[in-house]
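Commentary on secondary and tertiary structure
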Amino acid sequence: MKKLLLVLLVVALASFLFVGCLPTTPAEGEGEGEGEGEVAICPTVAVTSQVAVGGKNYIKGGVTQTIKVTFAVPTEPVSLWVGPGEEKGSPDGVAADSDEVVIYANADKTEYTGTYKFEGNCKELYIYVLTCDTCAPCKYPYIVDGKAPTDLIKITSKACTCEGFAVTFKTNVTPATACAVATDCCGYKECSGLASWTIDIYDRDPVDNCCLATCWTPIDTCSGTACPIDCTTMCLVLPAGYTTKEYYAIITLADAVGNKTKYYVTLEVTATGVNVYEASIGTSPNCEWSEVGDTIDLIGFDCTAS
C-alpha cells in the first residue's frame, strides 16, 4: 500500500512538472500587439546630434557621432548597420551597400554603443539593428544634414538723433532678389532649417591675439530663432578727434543639428555715414581680420540661387 502511494505521488509531481513546461494559451489581449507588460523586441536608438523637426529625425553630417542602442532586456548577439533607405539586393533586409558599425556592450548586454561618421546633405538613411529575436531588422529612418543655413542680408545705416549711426541687418526679401517670402531665405527650407541667428558687434578686433571671438565682449547683440533676420544696432559713434572708427560684426546662422555659417563685416564709421566691407579671418596662429574688396551693402548667399 505504501509503495502504491509513493508511486502515485511521483506520478502527480511529474504531471505538475510537465504542465509547467508546456506553453499556455494567453488570456485575451496578452501577447498581441503591445499589451500591458509586454517587452518590446526592437530597442531604442539615439544618435548624438539627432533632433526632431516636422516629425522627422535629423542628424548632423560630416562628424563622427555616437550611436546608442538600448534594449529593455539583456540581448545578444546584436549587430548594427548604417545604410541607404532602401533594401534592394539584400535578403536579410539590410541595404546591400550598408556599413557595419563596431559596437560595444555594457555588462548586462542591455546597451550597445558605436561611432559612425554620417555623410551627405539632406540624405535619407536607415540605422539597422539585427538580433536573433527579430524576423527582420529593426529600422530607424534619419535624414543627414551636412549643410549650414545661408541668407542674403541687406546692410544699411541711418544717422542717430544725437550722434553716430545705427546699422540695420535685414534679410533681403525685396523683388530684386526674387524671394517670395521671408521664410524662403535663411536656409529655412534647407533640410533641418534655421534654428537660431546672432549678430555680435565689437568696437575692437574680436579675434586679435587669441583667434576667438570670445576674447572680447560684444558691445551690442541681436538674436532670433526664425526668419527673417532683422537687427538694428545701437548708435555707433565716431570718437572725438577721429576721422574714422572701425566696428566689427560677426553674423552666425545655425540649423537645428548644429551646422553653422558665419559672415564677417567691418563697419567703418565716418563723419557722414558708414562704409561696409565684407571681411574674413585667417587661420591659427595668426587669425588676422581682413577686408575683402570694395564696400558692400549685401552679405551672404542669395537663397533663390540654390
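Because the structure is predicted, anything quoted here is derived from the model rather than measured.

In total, this model carries three disulfides according to the counting rule given. The disulfide that involves C160 links it to C235, with 2.0 Å between the sulfurs. Given an S-S torsion of about -115 degrees, the disulfide between C160 and C235 has left-handed geometry. In this pair, C160 sits in the loop between β11 (152–159) and β12 (165–171) while C235 sits in the loop between β15 (230–232) and β16 (245–255), placing the two residues 75 residues apart along the sequence. For C235, a relative accessible area of 31% translates into the label partly exposed.

Along the chain, the position of S192 falls in the loop between β12 and β13 (194–202). Looking at S192, the relative accessible area reads 6%, which means it is buried. Within the structure, S192 has its side chain in polar contact with the side chain of D145 (distance 2.5 Å). Side-chain polar atoms of S192 contact the backbone nitrogen of A256, separated by 3.4 Å. With residues near it in sequence (within four places) discarded, S192 still touches V53, Y58, D145, D255, A256 and V257.

The subject of this paragraph is the confidence of the model for the protein chain. Mean pLDDT over the protein chain stands at 82; residues scoring 70 or higher make up 77%. Per-residue pLDDT stays below 50 along residues 175–179; that stretch engages in twelve contacts with residues further than four places along the chain or on separate chains.

All right, on to the environment of W197 then. Here W197 lies in strand β13. As a C-alpha pair, W197 and T225 span 28 residues in sequence and 6.2 Å in three-dimensional space. For W197, the side chain forms a polar contact with the main-chain oxygen of A226, separated by 3.1 Å.

Another point: the side chain of T131. For T131, the location among the structural elements is in strand β9 (residues 123–131). For T131, a relative accessible area of 12% translates into the label buried. Polar contacts involving the side chain of T131 include one to the main-chain amide nitrogen of D133, which spans 3.1 Å. Each residue touching T131, except ones within four places of it in the same chain, is listed here: F71, T75, P77 and V78.

Before going further, it helps to spend a moment on the sheet that holds β9. Strand pairs in the sheet, formed through backbone hydrogen bonds, run parallel or antiparallel to each other. Reading across the sheet, the six strands line up as β2-β3-β10-β9-β5-β6 and stay open at both edges, with mixed pairing between neighbours. Two strands bound the open sheet, and with one partner strand each, they are β2 (51–53) and β6 (99–101). Between one strand axis and the next, the sheet turns through 40 degrees on average, direction left out of account. Two strands pair when backbone bridges link them, and β2 and strand β3 (residues 56–60) are joined in this way by three bridges, in the antiparallel orientation. For A52, the partnering residue across the bridge sits in β3 and is N57.

On to the sheet that holds strand β18 (residues 274–281). With antiparallel pairing, six strands are arranged side by side in an open sheet as β14-β13-β16-β17-β18-β19. Each end of this open sheet is capped by a strand with a single partner; those strands are β14 (220–224) and β19 (289–295). The sheet shows a mean angle of 25 degrees between the axes of neighbouring strands, taken without regard to direction. Examined bridge by bridge, β13 and β14 share five bridges and lie antiparallel to one another. Along β14, the bridge assignment pairs D200 with T221.

On to the packing of aromatic side chains, then. As enumerated under the stated definition, the model contains five aromatic pairs in all. Seen from their ring centres, Y116 and F118 are 5.0 Å apart, and the 70 degrees between their planes marks the pair as edge-to-face. Ring plane angle 85 degrees and centroid distance 5.1 Å describe the contact between Y248 and W289, whose orientation is recorded as edge-to-face. With Y248 in strand β16 and W289 in strand β19, the pair connects residues that are 41 residues apart, well separated along the chain. Classification of W289 as buried rests on a relative accessible area of 10%. Members of the aromatic cluster, connected to one another through ring pairs, are Y248, Y264 and W289. Cation over ring: K245 sits above Y247, and NZ or CZ is 5.5 Å from the ring centre.

The rules behind each value
Residues numbered from 1 in each chain as written. Predicted model: local features only at pLDDT ≥ 70, side-chain atom pairs only at ≥ 80, totals over all residues. Heavy atoms only, no water. Disulfide = S-S within 2.5 Å. Helix = DSSP H or I, 4+ residues; strand = E, 2+ residues; numbered from the N terminus. Buried < 20%, exposed > 50% of the residue type's maximum accessible area, 1.4 Å probe, protein only. Polar contact = N/O pair within 3.5 Å; in protein donor to acceptor, adjacent residues only side chain to side chain. Contact = heavy atoms within 4.5 Å. pLDDT = per-residue confidence, 0-100. Pairing = 2+ DSSP bridges. Axes fitted to C-alpha atoms, helices over the stretch in contact; angles between N-to-C directions. Phe/Tyr/Trp six-rings, centres within 6.5 Å; stacked < 30°, edge-to-face > 60°. Lys NZ or Arg CZ within 6 Å of the ring centre and 35° of its normal.

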